[in-house]
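Survey of secondary and tertiary structure
Now for the letters of each chain:
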Amino acid sequence: MKRLVIVGTQWGDEGKGKITDYLAQSADVVCRYQGGNNAGHTVVFDGKKYSLHLLPSGILNPNIENVMANGMVINPKAFSEELKKVDRFNLHISDRAHVVLPYHIELDKAYETIKKDVKIGTTHKGIGPTYTDKSARIGMRVSSFIHEDKFAHELKHLIELKNKELISYGHDPIDFESVYNEYKAYAELMKPYVTDTSYLLNQYIETDKKILFEGAQGVMLCLDHGTYPYVTSSSPTASSVPVNTGIAPWLVEGAIGVTKAYSTRVGEGFMPTEIKNKLADEIRVRGNEFGTTTGRPRRIGWLDTVVLRHTKRVSGLSYLAVTLLDVLSGIEELKVCVSYNLDGKEIDYVPADIDDFMRCEPNYITLKGWQEDITQVKSFDELPKAAQAYLKTLSDLVKVDIAIFSVGPDRNQTILVKDIF
Ligand code: IMP
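Residues numbered from 1 in each chain as written. Predicted model: local features only at pLDDT ≥ 70, side-chain atom pairs only at ≥ 80, totals over all residues. Heavy atoms only, no water.

**Observations regarding the overall build of the chain**
When its secondary structure is counted, the chain shows 13 helices and 21 strands. Considered along the principal axes of its C-alpha atoms, the chain spans approximately 65 × 50 × 40 Å. By the burial criterion, 58% of the 421 residues in the chain qualify as buried. In the chain, 75% of the contacts between residues at least 6 apart in sequence involve partners at least 24 apart. Roughly 17700 Å² of accessible area belongs to the chain as shown, and the carbon and sulfur atoms make up 50% of that amount. Put simply, the chain has 50 plus and 55 minus side-chain charges, and the middle of one group is 1 Å from the middle of the other. (Helix = DSSP H or I, 4+ residues; strand = E, 2+ residues; numbered from the N terminus. Buried < 20%, exposed > 50% of the residue type's maximum accessible area, 1.4 Å probe, protein only. Contact = heavy atoms within 4.5 Å. Areas by Shrake-Rupley, 256 points an atom, 1.4 Å probe, with all protein chains shown as cover. Lys, Arg positive; Asp, Glu negative; His and termini not counted. Charge placed at Lys NZ, Arg CZ, Asp CG, Glu CD.)

**A short note on the side chain of Ser 406**
Tracing the backbone through its elements, the reader meets Ser 406 in strand E20 (residues 401-406). Taking relative accessible area as the criterion, Ser 406 reaches 1% and is therefore assigned buried. With residues up to four places along the chain from it excluded, the contact list for Ser 406 reads Lys 18, Val 322, Thr 323, Leu 324, Leu 325, Asp 326, Gln 413 and Thr 414.

**What about the sheet that holds strand E14 (residues 299-301)?**
Across the sheet, three strands lie side by side as E12-E14-E13; this open sheet has antiparallel pairing. Edge positions in the sheet fall to strand E12 (263-265) and strand E13 (274-275), since each has one partner strand and no second. In this structure, E12 lies alongside E14, joined through three bridges in antiparallel fashion. Its bridge partner lying in E14, Ser 263 is registered against Gly 301. Helix H10 (residues 278-286) contacts E13 and E14 of the sheet and is inclined by roughly 110° relative to E14. (Pairing = 2+ DSSP bridges. Axes fitted to C-alpha atoms, helices over the stretch in contact; angles between N-to-C directions.)

**Concerning helix H13 (residues 385-398)**
Between its first and last C-alpha atoms H13 spans 20 Å; for 14 residues at 1.5 Å apiece the expected length is 20 Å, and the two agree. Among the residues of H13, those classed as buried are Ala 386, Ala 387, Gln 388, Tyr 390, Leu 391, Thr 393, Leu 394, Ser 395 and Val 398. The elements touched by buried residues of H13 are strand E15 (303-304), helix H11 (305-315), strand E16 (319-323), strand E17 (333-342), strand E19 (361-368) and E20. Just downstream of H13, Lys 399 is the residue with a positive phi angle, here 60°. (Expected span 1.5 Å × (residues − 1).)

**Thoughts on the domain arrangement of the chain**
The domain boundaries assigned to the chain delineate domain 1 (3-75 + 198-416) and domain 2 (98-192). Between the C-alpha centres of domain 1 and domain 2 the distance comes to 30 Å. In this complex, domain 1 contributes 22 residues to the contact, which on the side of domain 2 involves 20 residues. For the pair domain 1 and domain 2, the two sides together bury roughly 1600 Å², of which 58% comes from carbon and sulfur. Three residues, Val 73, Ile 74 and Asn 75, lead the burial of domain 1 against domain 2; their summed loss comes to 33% of the area buried on that side. (Domains from an automatic or database assignment. Buried area = accessible area lost by both parts, 1.4 Å probe.)

**Quick notes on the site of the ligand**
Not every one of the 15 residues close to the ligand is listed here, only the nearest: Asp 13, Asn 38, Thr 123, Thr 232 and Arg 296. Within the side chain of Thr 232, a nitrogen or oxygen atom sits 2.6 Å from an oxygen atom of the ligand. Burial of the ligand by the protein amounts to 96% of the accessible area it has alone, namely 470 Å². Residue composition of the shell around the ligand, by class: six nonpolar, seven polar and two charged. Residues from two domains meet in the shell around the ligand; each of domain 1 (3-75 + 198-416) and domain 2 (98-192) gives at least three. (Near = heavy atom within 4 Å. Polar contact = N/O pair within 3.5 Å; in protein donor to acceptor, adjacent residues only side chain to side chain. Nonpolar A, V, L, I, M, F, W, Y, C, P; charged D, E, K, R; others polar.)

**A short note on the nonpolar core**
Judged by nonpolar contacts, the single largest core of 57 residues is most densely connected at Val 5, Leu 325, Leu 328, Trp 370, Tyr 390 and Phe 405. Per element, the largest residue contribution to this core is six residues, and it comes from H13. (Core = buried A, V, L, I, M, F, W, Y, C linked by side-chain atoms within 4.5 Å.)

**Quick notes on the sheet that holds strand E2 (residues 29-32)**
One open sheet accounts for 10 strands, arranged E9-E7-E5-E2-E10-E1-E11-E16-E20-E21; its pairing is mixed. Sheet topology places strand E9 (194-195) and strand E21 (414-416) at the edges, where each strand pairs with a single neighbour. The sheet strands contacting helix H1 (residues 16-23) are strand E1 (3-8), E2, strand E10 (211-214), strand E11 (254-260), E16, E20 and E21, and the helix crosses E1 at an angle near 160°.

**Here we look at the packing of helix H6 (residues 148-168) against helix H7 (residues 176-190)**
Their axes nearest at 10 Å, the elements H6 and H7 cross at an angle of 145°. Crossing angle aside, the handedness with which H6 passes H7 is right-handed. Here Glu 148, Phe 151, Ala 152, Leu 155, Lys 156 and Ile 159 of H6 lie close against H7, whose contacting residues are Phe 176, Val 179, Tyr 180, Tyr 183 and Lys 184. Of the residues assigned to the contact of H6 with H7, the class counts are eight nonpolar, no polar and three charged. (Left-handed = near helix turned anticlockwise from the far one by under 90°.)

**Structural notes on the pattern of salt bridges**
In total, this model carries 20 salt bridges according to the counting rule given. For the salt bridge of Arg 96 with Asp 196, the shortest nitrogen-to-oxygen distance reads 3.4 Å. Residue Arg 96 is found in the loop between strand E7 (90-94) and strand E8 (98-99), and its partner Asp 196 is found in the loop between E9 and helix H8 (197-206); the two are separated by 100 residues along the sequence. For Asp 196, a relative accessible area of 26% corresponds to the partly exposed category. Glu 282 is the salt-bridge partner of Lys 278, the closest N and O atoms lying 3.5 Å from each other. Linking Lys 278 with Glu 282, this pair stays in helix H10, spanning four residues, or about one helical turn. For Glu 282, a relative accessible area of 34% gives the class partly exposed. Ionic contacts of the salt-bridge type, sharing partners, join the residues Asp 13, Lys 260, Glu 289 and Arg 298 into one network. (Salt bridge = Lys/Arg side-chain N within 4 Å of Asp/Glu carboxyl O.)

Listed below in structure tokens is the structure:
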């Protein structure tokens, strides 16, 4: 495949950055297509660790073209800070992407405090309010942001509008002059990279370049197909790539679903297989399950194949990449959720209604665990039999082949089962 999407199959934090970094070794282009700096992953390059939130994961490799496509929302301040961490890069930013402005961040916080019943537990990065403005057609596009007069004109009007809302929530108003003076410097910094990235991506495709579309978050956080309202405000599915990048749907050749060997979730919202005992604490520490963006401890659960089948249906998954398999070493028995019980009926789907979803009880099968340290394993055959059976059961239950599994954070702890890109 020459155009492959990297999809998070759960609630984000599946290790997409690591899989992107691995596959990017043979990519010409890495393209982020949704979300903003609510995402976060660590990339190790030349022995140095980098925390990235906005920039595509190929940014550290000077041979890769990196694209921030129209489906993204870009915080210019965060962008400028992240750009300082890297050098010798190739970057292209869509003129149709939207800009996160200070009032979006204030409104994100305000909405979370006024919504007593439905607190989402957002990252407070202004993501929801920026996508809201995009849909309401009062957003700031990159094309206006880098145009000095247009930026001033639109910002003045928008701040007037947003201040009314902020004041009504008891928040301080935002000062136009100070935002304008600070942000026009970010606009100048961004300007040289701005282009029509749809045009560019189509050119890359015509010249047969290999492209990785790097998803952020996970399908269960999809605005349409996730556990609404406990979701993010964009669609991390493979099916959203065409609209979020400006390429034809049939030019996407496949998707690799990145799946943790167990489940995690950060923020609010129900997770049917959540475990809240000592084992969860052990997995959290072993898997370093603390948010890259907010540092929040992640909630831990057993692997849920209802979720994975849902992801496969709504997004499309050609292959799976199973990460953090090593974290499960030493656990005597491993549970895998195969269906839910909803009001006495067995179901194999994720109910749309959040109250129905919250009444779902997981039905498990129990598999034998393995005691061996698997962090040095170099092939599927070298895995203990129980670990092989775990992966095989996962793949059989989801009916998707495993192309990659990983047994540790390093690139050389990522094992290719099938060469797909
Ligand atoms: P928002 O995207 O900041 O609006 O947050 C909405 C929900 O998505 C919250 O539950 C966040 O914790 C979650 N979320 C957003 N980005 C990520 C991510 O990159 N990994 C995991 N969860 C995320």
